[in-house]
Amino acid sequence: MKHTALYLRVSTEAQADEGYSLAAQAEKLEAYCRMKGLADFRRYIDGGFSGSNLSRPAITELVEAIRGGAVERVVVYKLDRLSRSQKDTLYLIEDVFLPHGVDFVSINENIDTGSPYGRAMIGILSAFAQLERENIFLRTRMGMVERVKQGFWPGGGKTPFGYDYDQAKGILVPNADAPTVRAMYARYLAGQSTGRIARELGLPYEHLVRQILLRESNTGVIVYRGQTYPGRHEPLVDRETFARVQRRLLRHDKPRAAAGNKLLTGLLVCGHCGAKMRYQKWGEAGDKLVCYSRDKSKPHLVHDHNCPNRGIMAREVEQIVVRDLSRLAAQPAPSPDCQGAVEECRRALERSRRRLRRLYGLFAEAEDDTLRDAISHERAVCERAEQALRQAQQAQQCDTQDDARRALATVGACWDRLTATEKQSLVRACVQKIVIQNGKTEIFYAIEGAQAAQPTAG
């Protein structure tokens, strides 16, 4: 026996105030069934689900029942209870209901697909339902963008660690975890690993530390839909500290060095086939650096099964790298004069951002055309300052190399006193990769302007 399916949906509690509550829908649908003499009916209820898509348990169950031949008609209180998407509404009616001989009835719009007029009205009303949904979305998004432009936190989602959300002011405010965030940046720049920071500061896992270090909102800005805007909230760290941490994180994104005394692990590349190279125990002579294409211990790393690279003893390459690092450390560092230009651009940008925040505050208290013009002018000034800073950084590039050059200076100062792990970290801060081809070694540095000696035979 086929039954009549009563489909009910409500997405928010607010819809109850508009007469769309589940109880109100059920009352009207059952009254319709009694009036039509339909005694065998069954409810399909989606409570708390949006009508913008078909990812709903009850609608899925209903479709399966229809395809199983158990339903003769579907009744809803209003068309948008079935779906707010024109495409989904027409899919259900044209591809599910009608092919299986199932009539569709919408009480509010007086639609019955048993008649040609009812089928024609479906397309028209579905178009209006989708138009309303898209207009609501557009208005909401435009309002949110304007809110963010004025420096207010967009809300929604999780509040960043170290802040609470002040709903009355619409901004983030530092909380008791703010000192922990500042300590993360300081400890990371001091050389601590993200794992150690997580353990010592009581955080549940290492990846959380990385997420917090990468969060640009910690500098007082808001990142919304790929754009960055000056925020009204107090920064937890300055832009320079944030930038230094990002540079260090970027360097450490390279594969980590292995434990022990494998100084060059993760930096070695075969000059013949481009595959990675590894340390391999070579009897009493020590370790040999072997191309993965020849070693074949990891098939997914093989680039050329016929690679002719015969490898080289690890001790010889390590000595070459340390000697070349010492040579570079002995050379005078480039002039730091460029740093002044970068710092001046950064100070000008911060001044502009402070003025912009003050203007936003005044505008929030009393909207005024003069203030609106002043905000527009200051935005342009801020954009020019940001562009000037980017140009200074790109033209000089000297500030991005500070950490690596400090690491390089350590080679000549205290290399012999470092632990194996510290030596690994130092080399990885200075070296981008080491290419080995039939006993010849070529070093590529991560330091701007640093050049290795010509390829050295082992």
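Relevant structure appears above.
Quick summary incoming for the structure in this document.

About the cut-offs
Residues numbered from 1 in each chain as written. Predicted model: local features only at pLDDT ≥ 70, side-chain atom pairs only at ≥ 80, totals over all residues. Heavy atoms only, no water. Helix = DSSP H or I, 4+ residues; strand = E, 2+ residues; numbered from the N terminus. Buried < 20%, exposed > 50% of the residue type's maximum accessible area, 1.4 Å probe, protein only. Contact = heavy atoms within 4.5 Å. Areas by Shrake-Rupley, 256 points an atom, 1.4 Å probe, with all protein chains shown as cover. Core = buried A, V, L, I, M, F, W, Y, C linked by side-chain atoms within 4.5 Å. Arc of directions from axis to C-beta. Axes fitted to C-alpha atoms, helices over the stretch in contact; angles between N-to-C directions. Left-handed = near helix turned anticlockwise from the far one by under 90°. Nonpolar A, V, L, I, M, F, W, Y, C, P; charged D, E, K, R; others polar. Pairing = 2+ DSSP bridges. Parallel < 35°, antiparallel > 145°, perpendicular 65-115°, else oblique. Salt bridge = Lys/Arg side-chain N within 4 Å of Asp/Glu carboxyl O. Phe/Tyr/Trp six-rings, centres within 6.5 Å; stacked < 30°, edge-to-face > 60°.

### As for the overall build of the chain
Thought 1: When helices and strands are counted, the chain shows 16 helices and 16 strands.
Thought 2: Evaluated residue by residue, the chain yields a buried proportion of 41% over its 458 residues.
Thought 3: Of the contacts formed within the chain by residues at least 6 apart in sequence, a portion of 60% connects residues at least 24 apart.
Thought 4: For the chain, the computed accessible surface area is about 24500 Å², with 50% contributed by carbon and sulfur atoms.

### Thoughts on the nonpolar core
Thought 1: Leu-264, Leu-289, Val-431 and Ile-434 are the most contacted members of the largest nonpolar core, which has 29 residues in total.
Thought 2: Those elements giving two or more residues to this core turn out to be strand S10 (268–270), strand S11 (277–281), strand S12 (287–291), helix H12 (314–330), helix H16 (420–430), strand S14 (431–437) and strand S15 (440–445).
Thought 3: The element best represented in this core is H12, accounting for 6 residues.

### Let's talk about helix H3 (residues 57–67)
Thought 1: Every buried residue of H3 is listed here: Ala-58, Ile-59, Leu-62, Val-63, Ala-65 and Ile-66. Burial along H3 is one-sided: seen end-on, the buried residues are contained in an arc of 160 degrees.
Thought 2: The secondary structure elements touched by the buried residues of H3 are strand S1 (3–10), strand S2 (41–47), strand S3 (71–76), helix H4 (79–82) and helix H5 (86–97).

### Re the packing of helix H7 (residues 178–189) against helix H8 (residues 194–201)
Thought 1: Between H7 and H8, whose axes approach to 10 Å, the crossing angle comes to 145 degrees. The handedness of the crossing between H7 and H8 comes out as right-handed. Contacts between H7 and H8 involve Thr-180, Ala-183, Met-184, Arg-187 and Tyr-188 on the former and, on the latter, Thr-194, Ile-197, Glu-200 and Leu-201.
Thought 2: Split by residue class, the contact of H7 with H8 holds 5 nonpolar, 2 polar and 2 charged.

### Points about the sheet that holds strand S13 (residues 312–313)
Thought 1: Taken in spatial order, the 3 strands make up an open sheet running S11-S12-S13, and their pairing is antiparallel. Only two strands of the sheet have a single partner each, and these edge strands are S11 and S13.

### Here we look at the pairing of S1
Thought 1: Of all 8 residues making up S1, 8 are buried, and the element is well covered by its neighbours.
Thought 2: In this structure, S1 lies alongside S3, joined through 4 bridges in parallel fashion. Note that in S3 the partner of Thr-4 across the bridge is Arg-73.
Thought 3: In this sheet, S2 lies alongside S1 in parallel orientation, the contact comprising 7 bridges. Considered in S2, the bridge of Val-10 is made with Gly-47.

### Here's the deal with the pairing of strand S8 (residues 221–224)
Thought 1: As judged from the 4 bridges shared by S8 and strand S9 (residues 227–230), these two strands associate in the antiparallel manner. From the neighbouring strand, Val-221 faces S9, where its bridge partner is Pro-230.

### A look at the packing of helix H9 (residues 206–214) against helix H10 (residues 239–251)
Thought 1: Between H9 and H10, whose axes approach to 10 Å, the crossing angle comes to 135 degrees. Considered as vectors, H9 and H10 are oriented oblique to each other. Facing Arg-210, Leu-213 and Leu-214 of H9, the residues of H10 in contact are Phe-242, Val-245, Gln-246 and Leu-249.
Thought 2: Residues of the contact of H9 with H10, tallied by class, amount to 5 nonpolar, 1 polar and 1 charged.

### What to know about the side chain of Thr-4
Thought 1: Tracing the chain through its elements places Thr-4 in strand S1.
Thought 2: Overall, Thr-4 belongs to the buried group, its relative accessible area being 0%.
Thought 3: Non-local contacts of Thr-4, meaning those with residues more than four positions away in its chain, are made with Cys-33, Leu-38, Asp-40, Phe-41, Arg-42, Glu-72, Arg-73 and Val-75.

### Thoughts on the environment of Pro-235
Thought 1: Relative to the helices and strands, Pro-235 resides in the loop between S9 and H10.
Thought 2: Sequence separation of Pro-235 and Val-173 is 62 residues, and the distance between their C-alpha atoms is 9.3 Å.
Thought 3: Excluding residues within four positions of it along the chain, Pro-235 makes contact with Tyr-163, Arg-182, Asn-218, Thr-219 and Gly-220.

### Let's talk about the sheet that holds S1
Thought 1: An order of S2-S1-S3-S4-S5 is seen for the 5 strands of this open sheet, with the pairing classed as mixed. Pairing within the sheet leaves two strands with one partner each, and these edge strands are S2 and strand S5 (111–112).
Thought 2: Its contacts with the sheet place H3 against S1, S2 and S3, and it is angled at close to 145 degrees to S2.

### Overview of unusual backbone geometry
Leaving glycine aside, a negative phi is the common case for residues, and trans is the common case for peptide bonds.
Thought 1: Even without a glycine there, the phi angle at Asn-110 is positive, about 55 degrees.
Thought 2: By secondary structure assignment, the location of Asn-110 is in the loop between strand S4 (103–106) and S5.

### Thoughts on the pattern of salt bridges
Thought 1: As enumerated under the stated definition, the model contains 11 salt bridges in all.
Thought 2: Here Arg-187 ties to Glu-200 by a salt bridge, and the two come within 2.4 Å at their closest N and O atoms. Of this pair, Arg-187 sits in helix H7 while Glu-200 sits in helix H8, and the two are 13 residues apart along the sequence.
Thought 3: Overall, the relative accessible area of 40% leaves Glu-200 in the partly exposed class.

### Here's the deal with the packing of aromatic side chains
Thought 1: Summed over all chains, the structure comprises 2 aromatic pairs.
Thought 2: Ring centres of Tyr-185 and Phe-242 lie 6.5 Å apart, and the angle between their planes is 45 degrees; this geometry places the pair in the tilted category. Placement of Tyr-185 in helix H7 and of Phe-242 in helix H10 is noted, with a sequence separation of 57 residues between them. Like Phe-242, Tyr-185 is buried.

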